[in-house]
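Fold and contact review
The primary structure of each chain is shown beneath.
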Amino acid sequence: EKQNYQTLQADVVVETSAGISGQKIVQEYRYFVKRPDRMKMEIFKPFRQTVVMKDGVVSIKMPDGKIQKHKISELPGMGNIQTQRLYSIEYIKEQYDISKIHDYVKEEKTYIEIKLVPKSESVLPTMIMEIEKLTCLVEKQKVLNEEEIIMSESINRKIENINGIFVPSIIEGYTVSHKKPQTIQFKSKMFYNNIKINQKIDENEFAIK
């Protein structure tokens, strides 16, 4: 409820260390959000790529110009982005069945853990969120597959208030590939610049060709 905006644009730089080697990958992209269900990442580095999320589908334009399409539920790495789109309690109730797991206290802070079960395939699969009660900020989330096996877990180590918008700036966690299978640890630092809030974004911006 504190994320009171309809559109958001920003230049984002993400530094991610992943895997056993801790190899650093730097990603630069232009970020567009138009509520209730539009998101675009125009990626410039390490290679050009465009990612558009709308109507429950993620379309990815690859460097060779080919376009891939996936359900949001097939890409657990979209979890943090999807979370930012859960912008009102009314929207969450429309998309998910919500149940409380428990309350607990950690480091003198009170948290509530909730479970969100999707009502359709147009949103992420089942999620578990840990929310700090005083600030209402999501500090941890898990994304589960249909068998409720963890696909990814992310912890927002640092959340910044930039121009009135709360965004994660340090994220740690892991993703699980059940095809190999293997677990990949990661840590990301995110830097936001040129943030624009509630400026008009044309619908054509989210058309991928």
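Here, the structure is the one placed above.
Residues numbered from 1 in each chain as written. Predicted model: local features only at pLDDT ≥ 70, side-chain atom pairs only at ≥ 80, totals over all residues. Heavy atoms only, no water.

Brief notes about the packing of aromatic side chains
Going by this rule: To pair, rings of Phe, Tyr and Trp, with the six-membered ring standing in for Trp, must have centres within 6.5 Å; the planes then decide the type, stacked if under 30 degrees apart, edge-to-face if over 60, and tilted in the middle. Burial classes follow relative accessibility: with a 1.4 Å probe on protein chains only, a residue under 20% of its type's maximum area counts as buried, one over 50% as exposed, and anything between as partly exposed. Only Lys NZ and Arg CZ are tested; either one counts as a charge over a ring when it is within 6 Å of the ring centre and within 35 degrees of the ring normal.
A complete count under the given rule lists 2 aromatic pairs for this structure. Centroid distance Y29 to Y31: 6.2 Å. Interplanar angle 85°. Geometry classified as edge-to-face. Exposure class is identical for Y29 and Y31. Each is buried. One Lys or Arg, R35, reaches over the ring of Y5 and ends 3.7 Å from the middle of that ring.

Considering empty space enclosed by the protein
As a reminder of what qualifies: The rule is simple: put a 1 Å grid over the protein atoms alone, call a set of points where a 1.4 Å probe fits but cannot get out a cavity, call an open set with protein on both sides within 12 Å along at least five of seven lines a pocket, and count a residue as lining if it has an atom within 4 Å of a point. Grid points are joined across faces, edges and corners, and a volume is the space filled by probe spheres set on the points. Segments assigned H or I by DSSP are reported as helices when at least four residues long, segments assigned E as strands when at least two residues long, and all are numbered from the N terminus. Polarity classes work like this: nonpolar for Ala, Val, Leu, Ile, Met, Phe, Trp, Tyr, Cys and Pro, charged for Asp, Glu, Lys and Arg, and polar for all others, with Gly in that last group.
In total, this model carries 1 cavity of 30 Å³ or more according to the counting rule given. In this structure, the largest cavity spans a volume of roughly 30 Å³. What lines the largest cavity is L8, A10, Y31, I165, V167, Y192 and I195. Where the lining of the largest cavity is concerned, the elements lending two or more residues are β1 (7–18), β12 (165–177) and β13 (182–197). Here the lining of the largest cavity is built from residues that sort into 7 nonpolar, no polar and no charged.

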